[in-house]
Amino acid sequence: MLSIMKRYFWHHFSILTTIIGGHDDFIRAVRNQVLDSTDFTYNIMDVFVIKTKTRKKIAEEIEFLKYSEVRVILLYSTKEEGAEIMGAANDLGITGKNYVWIVTQSVFGTAENNAPTEFPIGMLGVHFNTTKARLQDEIERAFNVFGYGLELFVNDPRNENKSLSPGLKCNGISTDHWSKGDMFFRYLRNVSIPSSNGGPNLEFNPDGTLKYVELEVMNLKSQGYWEKIGAWTAGSLEIKDIVWPGDSPVPPKGVPEKFNLKITFMEEPPYVNLVTPDNETGECKTDRAVPCRVAPESELAGVNLTLAMRNPKYYMCCSGFCVDLLHKFAVDLGFTYDLYRVEDGIWGVLNNGTWNGLVAEILEGRADVVVTSFKINSERQTVLDFTVPFLETGITIIVAKHTGIISPKAFLEPFDTLSWLLILLVSIQVAAFAIFLFEWLSPFGYDMKMSPPRDHKFSLFRTYWLVWAILFGASVNLDCPRGYTARFMSNIWAMFAVVFLAIYTANLAAFMITREEFYDLSGIEDKRLHYPFQLDPPFRFGTVPLANTWTVMKDRKPGIFNYMKRYNRSSPIEGIKAVKTGELDAFIYDATVLEYLAGQDNECRLLTVGAWCSMTGYGFAFPKKSKYLNMFNKYMIQYRENGDLDRLQRFWLQGICKPTKNKRNASNPLDTNQFMSAFLLLGCGVILTLVLLGLEHVYFKYIRQHLAKKDTGSCFALVSLSMGKSLSFRGAVYEAQDMLKRHRCTDPICDTQLWKARHELDMARLKLKQLQKELFLRTSSVDPLEPRDFTRNHSSTNESQTPPSRLYYRPMRKEIAEYETVI
């Protein structure tokens, strides 16, 4: 069977079987031969097992062959089943001159019998010769094979003293298994008998089947009998005097004959684009474009076709996604086509019970196929058949970007309102009060007194000045606090200010640039579409009348439909222009079309916004029960699986602009969650400062008096001037003076004692200055203004090394120390 197909270059075929015994083996054998073929490509289009017996049921089962492109069918069934199958095939019209049926011997029986009347003339069959003469010859060949096998067995030295007797007996107990049978089979398999007529030797395959089989090729003649027209032997086929189906003088091509389709369209980029042809030749300027008629057929009456092809009023060139897809179908299915634009320029809707546009072209028989971005919907499916979708789509909204001005309050937009309230009304207040409070509580500061220490210029308002200056990094004169805790709190506030300024400065740049504004609609359910009059001026939007989007809005959103009637545009191109010029605020249409147009916009000012709705797909439309539908569907699925549709989509639907990316150029204001770390820093600083305040009071109350006895204030001054001052003599004097200045008595006795203490203090100070002056005169190497030189302790081990000048003022040390004690 496959050799016959190879001889006539029939690549595509289908297999039909009934549930006759061995039908699975037949299908498997054909598949294996197809897979093993290396010099010829076979394509099994369909494999179908018929399970019914009546002709009517069989016709229903094999009706798919009527719409298939298969023209060669292999049939395996009984003779009676074959008659019913071929009768059903005759009723379906799939037994004509373009169809070839090749059947097995089980279908036509013996060659001596006439074929059933249902069998078409020109049917081919593969036949084993089963005549009595041939059976006698085969019996003789069988005895020869057995004899040659015995000879090989006996001549093998390994079989000496071995018997092939099966040991079978009719009476008595015996085994029913021939123990030497498997061994003898191997010798029979190796038999090779020379042919007497010069043909190939009689040999066997490893599985025991004949290696070279001779089959007869039979042909059903017009008189209703089978005639041998050739033979197949050892892989070679010889055929002569064949009668082809339908008495055709030439063999069928094995594929459908070329046919012509009348195809109508509506232009819509990028699916169908219209471009003008060459003015001189009338030919299209690109290989991807094909001529298409744009004028009504009635206007071409009496017009020279050659001249009409050069006139864009009558003919233009069509290109685009759908045109490329149509061309691919035409090549694979082998058809030609005439492409013309629908005369009324309408997509097709049901209006007062009558269809118009593209749908009417099909229903009225003027077109065989609709090829464009034709949406599949339930209304159209009631009167048309669609192919499987070649692209998914929906309804979306397109808007235009407009350049806005910088907002007067742009400097406030880096943070949201709550963040600004926390910074201005909470953080600044907390920091100012905390710094001043710690200064007031600190022993180095106010020490909880109601009047400031001497030469201390610090107050609550000066604290606010310090806080604001640190926050914004202002270079101004500042009065700093004296207390450790207040200074530490000021440093914590400075760290907060660094974080705040870094975040504010980084985010401010995004708000100070020129902003692109657009209507960020959420989709068809957006309230601006349902309540357009709530905006001033009212929100304006539209679509294309009598298109699928128009129909969907009419059925599902009557309020929106009635409002946008005044803003509708004749085409999506006109709608896009209206959006860019500001005549419309938005335009609603097919999602893929709008995304393509947004991607092709030279200014990149268009954006598709919102979620897609009313999801559906694009498909080619055919009349109901069209014989071409299955052919197109089969290849459409194949194009989707092998990536052809994806390649077309990448070629035609890509643009330089990204219609759905980078819609916003400005940042969103930072909320408190994104700024919380800075507030946590400030809060932790306040808590830590409270701990330091407690340590400071512990120092002044318990630790300082022990350190002062050691007279080592100068050493502590290296670490902290304030601590060294608190432990030195001069610091004590200044501290006592400050205490006296701030002290106020409540009775005369206290005033008298206070005057006496002040008098003694002044006298002691004068005496101290005299002693210092006298000491300075005795030794000029000592600075009288540095009292720590007079109070320095010297160990006995170092006295021998002390300069003589130092020995003169040693007796005075005791006297100076006494005055210090008095003070």
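Everything quoted here is computed from the prediction, not taken from an experiment. Note on numbering: residues in each chain are counted from 1, in written sequence order. Only residues with pLDDT of 70 or above have their local features reported here, since the model is predicted, and side-chain atom pairs are shown and tallied only from 80 upward, although totals for entire chains, interfaces and linings are computed over all residues. Excluded from the side-chain calculation are hydrogens and water; included are all heavy atoms of the structure.

## Things to note about the pairing of strand β5 (residues 124–127)
Judged by which residues are buried, β5 turns out to be covered on both faces: L124 and V126 on one side and G125 and H127 on the other are all buried. Note that strand β4 (residues 100–103) and β5 share 2 bridges and pair parallel. Pairing of I102 across the sheet is with L124, part of β5. Two strands qualify as a pair provided DSSP detects at least 2 bridges between them. Helix and strand assignments come from DSSP, with helices taken as H or I runs of at least 4 residues and strands as E runs of at least 2, each series counted from the N terminus. Across 4 bridges, the pairing between β5 and strand β6 (residues 214–220) is antiparallel. Considered in β6, the bridge of G125 is made with M218. Per-residue accessibility, obtained with a 1.4 Å probe over protein chains only, is compared with the maximum for each type, and a residue is labelled buried under 20%, exposed over 50%, and partly exposed between these values.

## A few points about the nonpolar core
We define the nonpolar core as a collection of buried residues of types Ala, Val, Leu, Ile, Met, Phe, Trp, Tyr and Cys that are connected through side-chain atoms lying within 4.5 Å of one another. If you look at the biggest cluster of nonpolar residues, it comprises 92 residues, and the most contacted ones within it are L325, F329, F335, F390 and F620. The element that contributes the greatest number of residues to this core is helix α9 (residues 321–333), accounting for 8 residues. The contacts of F390, once residues within four sequence positions are left out, are Y271, F321, C322, L325, T372, Y618, G619, F620, M636, R640 and L645. Of all hydrophobic cores here, the second largest spans 28 residues; its members include I50, L65, L92 and A115. Any two residues whose heavy atoms approach within 4.5 Å at even a single point are treated as in contact.

## Digging into the sheet that holds strand β21 (residues 541–542)
With mixed pairing, 4 strands are arranged side by side in an open sheet as β21-β22-β18-β23. Of all strands in the sheet, those bounded by a partner on one side alone are β21 and β23 (606–618). In this structure, β21 lies alongside strand β22 (residues 586–590), joined through 2 bridges in parallel fashion. Following the sheet pairing, G542 is matched in β22 by F587.

## With respect to the layout of surface pockets
Its boundaries defined by the atoms lining it, the largest pocket holds a volume of some 1,000 Å³. When residues of the lining of the largest pocket are traced back to their parent elements, those giving at least two are α1 (2–7), α2 (23–36) and β6. The dominant element in the lining of the largest pocket, judged by the number of residues it contributes, is α2, at 6 residues. Partitioning the lining of the largest pocket into residue classes produces 15 nonpolar, 7 polar and 5 charged. In the cavity and pocket records, a cavity denotes points on a 1 Å grid over the protein atoms alone where a 1.4 Å probe fits but cannot get out, a pocket denotes an open set with protein on both sides within 12 Å along at least 5 of 7 lines, and lining residues are residues with an atom within 4 Å of a point. Grid points are joined across faces, edges and corners, and a volume is the space filled by probe spheres set on the points. Residue type decides the class: Asp, Glu, Lys and Arg count as charged, Ala, Val, Leu, Ile, Met, Phe, Trp, Tyr, Cys and Pro as nonpolar, and the leftover types, Gly among them, as polar.

## Regarding empty space enclosed by the protein
Per the counting criterion, the structure on display carries 4 cavities of 30 Å³ or more. Here the largest cavity defines a volume of roughly 60 Å³. Its residues assigned to classes, the lining of the largest cavity comprises 4 nonpolar, 3 polar and 4 charged.

## Some details on the pattern of salt bridges
One side-chain nitrogen of Lys or Arg within 4 Å of one carboxyl oxygen of Asp or Glu is enough to make a salt bridge. Scanning all chains against the criterion turns up 25 salt bridges. The partner of E267 in a salt bridge is R341, and the shortest N-O contact between them spans 3.1 Å. Taken together, the residues span a long stretch of sequence, with E267 in the loop between β9 (259–265) and β10 (273–275) and R341 in strand β13 (residues 335–341) at a distance of 74 residues. Judged by its relative accessible area of 30%, E267 falls in the partly exposed class.

## A short note on helix α7 (residues 181–189)
An α-helix turns once every 3.6 residues. As a result, residues three or four positions apart point the same way. Listing the buried residues of α7 in full gives G181, M183, F184 and Y187. Across the axial projection of α7, the buried residues extend over an arc of 160 degrees, all falling on one side. Looking at the buried positions of α7, the neighbouring elements they touch are α6 (132–154). This arc is taken over the directions from the axis of the helix to the C-beta atoms.

## Considerations on the confidence of the model for the chain
Summary of the metric used: pLDDT quantifies the predictor's per-residue confidence within the range 0 to 100. Summary statistics for the chain give a mean pLDDT of 81 and a share of 81% for residues scoring 70 or more. With pLDDT under 50 throughout, residues 661–666 is counted as low confidence; its partners more than four residues away or in other chains account for 11 contacts. Per-residue pLDDT stays below 50 along residues 782–809; that stretch engages in 31 contacts with residues further than four places along the chain or on separate chains.

## Overview of a negative patch on the surface
Patches were defined on residues exceeding 30% relative accessible area and lacking a salt bridge, with like-charge contacts within 9 Å and nonpolar side-chain contacts (Val, Leu, Ile, Met, Phe, Trp, Tyr) within 5 Å. Areas reported here follow the Shrake-Rupley algorithm with a probe of radius 1.4 Å; residue values treat only the protein chains shown as occluding. We score Asp and Glu as negative and Lys and Arg as positive, and we do not count His or the chain ends. The atoms used to mark charge sites are NZ of Lys, CZ of Arg, CG of Asp and CD of Glu. A surface patch of like charges, here negative, comprises E297, E299, E343 and D344. In this structure, D344 sits in the loop between β13 and β14 (350–351).

## Points about the side chain of D156
By secondary structure assignment, the location of D156 is in the loop between α6 and α7. Polar contacts, as counted here, are pairs of nitrogen or oxygen atoms within 3.5 Å of one another; within protein the pair requires one atom able to donate a hydrogen and one able to accept it, and residues that are adjacent in sequence qualify only if both atoms are side-chain atoms. At 2.5 Å, the side chain of D156 and the side chain of Y187 are in polar contact.

## Re the sheet that holds strand β7 (residues 226–233)
Pairing in this open sheet of 8 strands is mixed, and the strands run β2-β1-β3-β4-β5-β6-β7-β8 from one edge to the other. The open sheet has two edge strands with one neighbour each: β2 (43–50) and β8 (236–239). Neighbour-to-neighbour, the strand axes of this sheet turn through a mean angle of 25 degrees, independent of strand direction. As defined by bridge partners, β7 adjoins β8 across 4 bridges and the pair is classed as antiparallel. What sits directly across from G230, in β8, is I239. In this description, a line fitted to the C-alpha atoms serves as the axis of each element, helices being fitted only across the stretch in contact, and the angle between N-to-C directions of two axes falls anywhere from 0 to 180 degrees.

## Description of the packing of helix α18 (residues 572–581) against helix α19 (residues 591–599)
Where α18 meets α19, the axes come as close as 11 Å, and the angle between the chain directions of the two elements is 55 degrees. As judged from the angle between their axes, α18 and α19 are oblique. Judged by the sense of rotation from one axis to the other, the crossing of α18 with α19 is right-handed. Every residue of α19 that contacts α18 at P572, I573 and I576 is listed here: V593, L594 and L597. Each residue belonging to the contact of α18 with α19 can be placed in one class, and the counts come to 6 nonpolar, no polar and no charged. Roughly parallel refers to an angle under 35 degrees, roughly antiparallel to one over 145, roughly perpendicular to one between 65 and 115, and oblique to any angle outside these ranges. Two helices that cross are described as forming a left-handed crossing if the nearer one is turned anticlockwise from the farther one by less than a right angle, and a right-handed crossing if clockwise.

## Some points on the pairing of strand β12 (residues 315–319)
The buried fraction of β12 is high, at 5 of 5 residues. With 3 bridges connecting them, β10 and β12 associate as antiparallel partners. Residue pairing in the sheet places N273 in a bridge with S319 of β12. Bridge count between strand β11 (residues 290–293) and β12: 4 bridges; the pairing is antiparallel.

## Quick look at the state of the cysteines
Disulfide assignment relies on a single distance test, namely cysteine sulfur atoms paired within 2.5 Å. Inspection of the entire model under this criterion finds 2 disulfides. A disulfide bridge connects C284 with C317, and the sulfur atoms are separated by 2.1 Å. In this structure, the disulfide formed by C284 and C317 twists by about -100 degrees around the S-S bond and is classed as left-handed. Linking C284 in the loop between β10 and β11 with C317 in strand β12, this pair joins segments that are 33 residues apart in sequence. For the pair C284 and C317, a shared accessibility class is recorded, and that class is buried. A sulfur-sulfur separation of 2.0 Å characterises the disulfide bridge that pairs C292 with C318. A torsion of 90 degrees about the S-S bond marks the disulfide between C292 and C318 as right-handed. With a gap of 26 residues between them, C292 in strand β11 and C318 in strand β12 connect regions that are remote in the sequence.

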